Amino acid sequence: MGCQSKILTEKTSLKIIVASDLHYFLKDYYQDCEWFEESMLYGDGKMVTYGDEIVNAFIKAVIKEKPDIVLLTGDLTFNGEIGSHQQLAQLLTQITKQNIPVAVIPGNHDIDNIYTKGYGQDDYFDVDNIDAQTFREIYHNLGYQLASATHAGSLSYRIDLNDDYVLLMMDSNAHELTKMTLGAGGFFTDSTMQWLKQQLSDIQSQGKIPLVAMHHNLAIHNELLNEGYTIQDHESIAELFAEYHVPFVLSGHIHCQNIREIQGIYDIASSSLLDAPLQYGIIELDNQNMNYHTESLQISVDANDYFDQVTSHRFADDFQKITDEKKRVAIEDVMIKTNRYYFTGNINEYVDEIKQSQGYQYLQEEENLAFYQQYLESMLKETASSQQLSLTIEK
Ligand SMILES: [Fe+2]
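Residues numbered from 1 in each chain as written. Predicted model: local features only at pLDDT ≥ 70, side-chain atom pairs only at ≥ 80, totals over all residues.

### Regarding the overall build of the protein
1) Next: When you go through the protein residue by residue, the secondary structure sums to 12 helices and 15 strands.
2) Next: Radius of gyration (C-alpha) of the protein: 21 Å, near the 21 Å computed for a compact globule of 395 residues.
3) Next: In terms of its C-alpha atoms, the protein occupies a principal-axis envelope of roughly 70 × 50 × 40 Å.
4) Next: Residues counted as buried form 45% of the 395 residues belonging to the protein.
5) Next: Counted over contacts in the protein with a minimum sequence separation of 6, partners at least 24 positions apart contribute 74%. (Helix = DSSP H or I, 4+ residues; strand = E, 2+ residues; numbered from the N terminus. Rg over C-alpha atoms; globule rule 2.2 N^0.38 Å. Buried ≥ 20, exposed ≤ 12 C-beta atoms within 10 Å, placed from the backbone. Contact = placed C-beta atoms within 7 Å.)

### What about the sheet that holds strand β14 (residues 289-296)?
1) Next: The strand order β3-β2-β1-β13-β14-β15 describes an open sheet built from six strands, whose pairing is mixed. The open sheet has two edge strands, β3 (102-105) and β15 (388-392), and neither has a second partner. Taken over all neighbouring pairs, the strand axes of this sheet differ in orientation by 20° on average, direction set aside.
2) Next: Here five bridges tie strand β1 (residues 14-19) to strand β13 (residues 279-285), and the two strands are oriented antiparallel to one another. Counterpart to V18 in the pairing with β13 is G281.
3) Next: Contacts between helix α2 (residues 51-65) and the sheet are confined to β1, β2 (69-73), β13 and β14, with β1 contributing the most and set at about 175° to the helix. (Pairing = 2+ DSSP bridges. Axes fitted to C-alpha atoms, helices over the stretch in contact; angles between N-to-C directions.)

### What about the pairing of β1?
1) Next: Among the six residues of β1, five are classified as buried, and the element is accordingly described as predominantly covered.
2) Next: Two strands pair when backbone bridges link them, and β1 and β2 are joined in this way by four bridges, in the parallel orientation. In the sheet register, I16 faces β2, and the bridge partner there is I69.

### Comments concerning the environment of D318
1) Next: Along the chain, D318 turns up in helix α8 (residues 303-319).
2) Next: Residue classification places D318 among the partly exposed residues on the basis of 15 C-beta atoms within 10 Å.
3) Next: In this structure, the C-alpha to C-alpha distance between D318 and A219, residues 99 residues apart in sequence, is 30 Å.

### Side note on the domain arrangement of the protein
1) Next: Each assigned domain of the protein is listed here: domain 1 (14-299 + 387-392) and domain 2 (303-380).
2) Next: Between the C-alpha centres of domain 1 and domain 2 the distance comes to 30 Å.
3) Next: Between domain 1 and domain 2, the contact holds 19 residues from the first and 17 residues from the second.
4) Next: Residues of the side of domain 1 that touches domain 2, tallied by class, amount to nine nonpolar, eight polar and two charged. (Domains from an automatic or database assignment. Nonpolar A, V, L, I, M, F, W, Y, C, P; charged D, E, K, R; others polar.)

### Digging into the environment of D302
1) Next: Summarising the element assignment, D302 is placed in the loop between β14 and α8.
2) Next: Assessed through the 13 C-beta atoms surrounding it within 10 Å, D302 is described here as partly exposed.

### Observations regarding the environment of I54
1) Next: Tracing the backbone shows I54 in helix α2.
2) Next: Residue I54 is classed as buried on the basis of its C-beta count, with 23 C-beta atoms lying within 10 Å.
3) Next: A C-alpha to C-alpha distance of 22 Å links I54 and A213, two positions 159 residues apart in sequence.
4) Next: Leaving out residues up to four positions away in the same chain, I54 has contacts with M47, L273, L274, L278, L297 and I299.

### Overview of unusual backbone geometry
1) Next: With an omega of 5°, the peptide bond between A276 and P277 qualifies as cis.
2) Next: Locating P277 in the fold gives a position in the loop between β12 (265-269) and β13.
3) Next: Of note in this structure, H255 is not a glycine but carries a positive phi near 70°.
4) Next: Position of H255 among the secondary structure elements: in the loop between β10 (248-251) and β11 (258-262).
5) Next: Residue classification places H255 among the buried residues on the basis of 23 C-beta atoms within 10 Å.
6) Next: Backbone geometry at Q263 places phi at a positive 50°, although glycine is not the residue there.
7) Next: Locating Q263 in the fold gives a position in the loop between β11 and β12.
8) Next: By C-beta crowding, Q263 is classed as partly exposed, having 16 other C-beta atoms within 10 Å.

Printed below as a string of structure tokens:
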């Protein structure tokens, strides 16, 4: 037998918590930098400077929920700083000390990152990044100790959850090419692919159901924003997963809460834990049914307001072109709200309201805002909630 019969739990019903893209940034790396916090308001919406508060709120919520396992699907750190990794690993031991196992995989920001740096009073300062081996060492008690099989050529590993399910924690970052992967998107190397196939076949021969977690997306979540998000060769990988009856995949990376089906497989992309509404997923799973829903964290500030502020800054330059102030305000309002609902994963509840709004009508009349018209339409295509999913599991 190639695989040890080490299983995580004897239980037939599993509760799994999943979160993604924590982008934890150790405070020492920016505490003397006055403009860092300000710059985040012009970023992509991640509440990086609230990282400690959010991660602590998450840890509390997890301990209260008592899942069988917690999964973090990559981009654990801001830009792969060694101190951020070490501190996050330390914080997560609060969960493992309660006998709740945590399992992590790396994202494209975590290893051999070329943008790793600290933000000082007047200038950037040098900070060490980490390599793949150091990742394995830092997180040795946060996933790798649970492995019933590991892939030597990547950071992928296998966890036999119970008698029904096996989880493949797949490393979709090719570390030998990391300098490219920030922009180039994820892929499985040939050797990772080979290992994946062996595992899928082994799981099938044991009569168990394979589940997959990976940082990059299996499905295209948004037709306008998919470059660099979806894993390379996603269609043939989905075909492989379909062949082995993988019911769902857990991913992250796109920072937006979105569920898409590809070849009968649901790709549940968890939004960034640092983006409004600061959500994570809870999966309840037995050998017949899977139920997934999200929960949000509360912190000292309103995460929705923060997100709206960042969106407003991002759109500001383009919307300045709208000379009629009444129109500008109405268009801005609808774009900001729609963007947040979309990232939150509940835009389906607001489609009619948005289409009937004044801002939506005004935007149609604008000649120089084609991108926004297309982006808005792409978001309005969501007909189902991405904050919940129920599946019947077929063996
Ligand atoms: Fe990320």
